[in-house]
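A structural walkthrough
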Amino acid sequence: MSGVFLVIEGPNGVGKSTAAVLLAKQFRDRRIRVHLTTEPSATPLGRMIRASESQLSGRALALAIAADRCAHVEREIIPALNSGKVVISDRFVQSSLVLQRLDRMELPEIWQYNRFVPSPDLSFYLEDDPNTITARLKERQRLSRLERTGSPTTELDLYEEAYRFLGRRRWRQAKIDCRGLAPDEVVSAMINRIELLGLLANVR
Ligand SMILES: Nc1ncnc2c1ncn2[C@@H]1O[C@H](COP(=O)(O)OP(=O)(O)O)[C@@H](O)[C@H]1O
Ligand SMILES: Cc1cn([C@H]2C[C@H](O)[C@@H](COP(=O)(O)OP(=O)(O)O)O2)c(=O)[nH]c1=O
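Predicted, not measured: the structure shown is a model, and the values here were computed from it. (Residues numbered from 1 in each chain as written. Chains lettered and ligands numbered in written order. Predicted model: local features only at pLDDT ≥ 70, side-chain atom pairs only at ≥ 80, totals over all residues. Heavy atoms only, no water.)

Regarding the site of ligand 1
Taken together, 14 residues surround ligand 1, and among them Gly13, Lys16, Ser17, Thr18 and Arg140 come closest. Between ligand 1 and Thr18, the relevant distance is 2.6 Å, taken from an oxygen atom to a side-chain nitrogen or oxygen of the residue. Pro183 places a main-chain nitrogen or oxygen 3.3 Å from a nitrogen atom of ligand 1. Bound to the protein, ligand 1 loses 68% of the 570 Å² it would expose on its own. (Near = heavy atom within 4 Å. Polar contact = N/O pair within 3.5 Å; in protein donor to acceptor, adjacent residues only side chain to side chain. Areas by Shrake-Rupley, 256 points an atom, 1.4 Å probe, with all protein chains shown as cover.)

What follows is the structure, encoded as C-alpha cells:
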C-alpha cells in the first residue's frame, strides 16, 4: 500500500467532520489525491445501520458496525491506499471502543470484533472542553440514540480510556487539544503531526 491512512476521532460535536473536510482541502490544494470517507460507511450496509438505530443495539450493533468496517476496509480503503491516495476516515475503531460501550459492551469483546482491520498510519483524537461540546450539540436538530445515551463528559472519559487501550496495543495516534482553536488551527496542528512523522513522503 503506497497511500496514507488517516483517521479522525472524538466525541460527537467535537469537530471531526469539519476537520476532515478542511484537511482534505489542504491536501487537494497541494495536489495530493484524497479519499474522504466516514463510518458507518456510505454503502447499503452503512445506510441500513444508520436507519436501524431503534432496532439495532448492544452486541448486534457492535457486530454490524464491525462488518461494515471490514467491508469498508476491503472494498474502499485498501483500494484507495493502493492507488496512492491519502484516505481520511471520519470515525474508525476508536469510535466502537467508545460508542459500543455506551451500549453496555466491554472493551475486550469490542476489540475482538475489530481485530480484522488494519491500524491507521495515524489516528487523531480530537478533544475539547465538555461545556463547549454541549453548547454545540444543543444546536443540533436531531441527536442519534447513542448521542442521547451518552454525554460529552461520558464520551470524553471513554475516549480517554480507549486512547490508553489503543496505546498499549501500539496504535499510532495523536491527541489534539482543540480548546480555543479555530477549525483551521485544528487542521494545522494535525498537519504538523503528519509532517513530523514524514507520512507524506510516499504520496507526493
Ligand atoms: N474548532 C472549532 N471551533 C468552533 N466551532 C467548531 C469547530 N469545529 C467544528 N465546529 C462547529 O461545531 C459543530 C460540530 O462540528 P462537527 O464537525 O459536525 O462535529 P462532529 O463531526 O465531531 O460531530 C459544527 O457546527 C461546526 O461548525
Ligand atoms: C462509527 C460508529 C458508529 N456507530 C453508530 C452511532 C450512531 O448511532 C450511528 C451514526 O454515527 P454518527 O457518527 O452519529 O453519524 P453521523 O453524525 O454522521 O450521522 O452509528 C456506532 O455505534 N459505532 C461506531 O463505531
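There is more to say, and it comes next.
Focus on the UniProt feature "domain: Thymidylate kinase-like" (unreviewed entry) in the protein
The UniProt record annotates "domain: Thymidylate kinase-like" (unreviewed entry) at residues 8-145. The span residues 8-145 is 54% helical and 13% strand by assignment, and the distance between its end C-alpha atoms comes to 21 Å. (UniProt positions renumbered as here; feature names shortened; annotations may be inferred. Helix = DSSP H or I, 4+ residues; strand = E, 2+ residues; numbered from the N terminus.)

Quick look at the sheet that holds strand E5 (residues 173-177)
Pairing within the open sheet is parallel, and its 5 strands lie in the order E2-E3-E1-E4-E5. Edge positions in the sheet fall to strand E2 (34-38) and E5, since each of these pairs with one other strand and no more. Mean inter-strand twist for the sheet, computed between neighbouring axes without regard to direction, equals 20 degrees. Contacts between helix H3 (residues 58-82) and the sheet are confined to strand E1 (4-9), E2 and strand E3 (86-90), with E2 contributing the most and set at about 160 degrees to the helix. (Pairing = 2+ DSSP bridges. Axes fitted to C-alpha atoms, helices over the stretch in contact; angles between N-to-C directions. Contact = heavy atoms within 4.5 Å.)

What to know about the packing of H3 against helix H4 (residues 93-102)
Viewed as axis vectors pointing N to C, H3 and H4 meet at an angle of 170 degrees, and their least axial separation amounts to 11 Å. Put simply, H3 runs roughly antiparallel to H4. Of the residues in H4, those in contact with Leu61, Ala62, Ile65 and Arg69 of H3 are Val93, Ser96 and Gln100. Considered class by class, the residues forming the contact of H3 with H4 number 4 nonpolar, 2 polar and 1 charged. (Parallel < 35°, antiparallel > 145°, perpendicular 65-115°, else oblique. Nonpolar A, V, L, I, M, F, W, Y, C, P; charged D, E, K, R; others polar.)

Quick look at the site of ligand 2
The immediate surroundings of ligand 2 are formed by 14 residues, with Arg50, Arg69, Arg91, Ser96 and Gln100 found nearest. A distance of 3.0 Å is found between an oxygen atom of ligand 2 and a side-chain nitrogen or oxygen belonging to Arg69. Here an oxygen atom of ligand 2 sits 2.9 Å away from a polar atom, N or O, in the side chain of Ser96. Here ligand 2 loses 79% of its free accessible area of 540 Å² to cover by the protein chains. Mapping ligand 2 onto the cavity grids shows that it belongs to the largest pocket. Breaking the shell around ligand 2 down by element, the ones donating at least two residues are H3 and H4. Per-element accounting of the shell around ligand 2 gives the leading share, 4 residues, to H4. When the residues that make up the shell around ligand 2 are grouped by side-chain class, the tally is 5 nonpolar, 4 polar and 5 charged. (1 Å grid on protein atoms, 1.4 Å probe; cavity = no way out; pocket = protein on both sides within 12 Å on 5 of 7 lines; lining within 4 Å. Sits in = over half its atoms within 2 Å of the grid points.)

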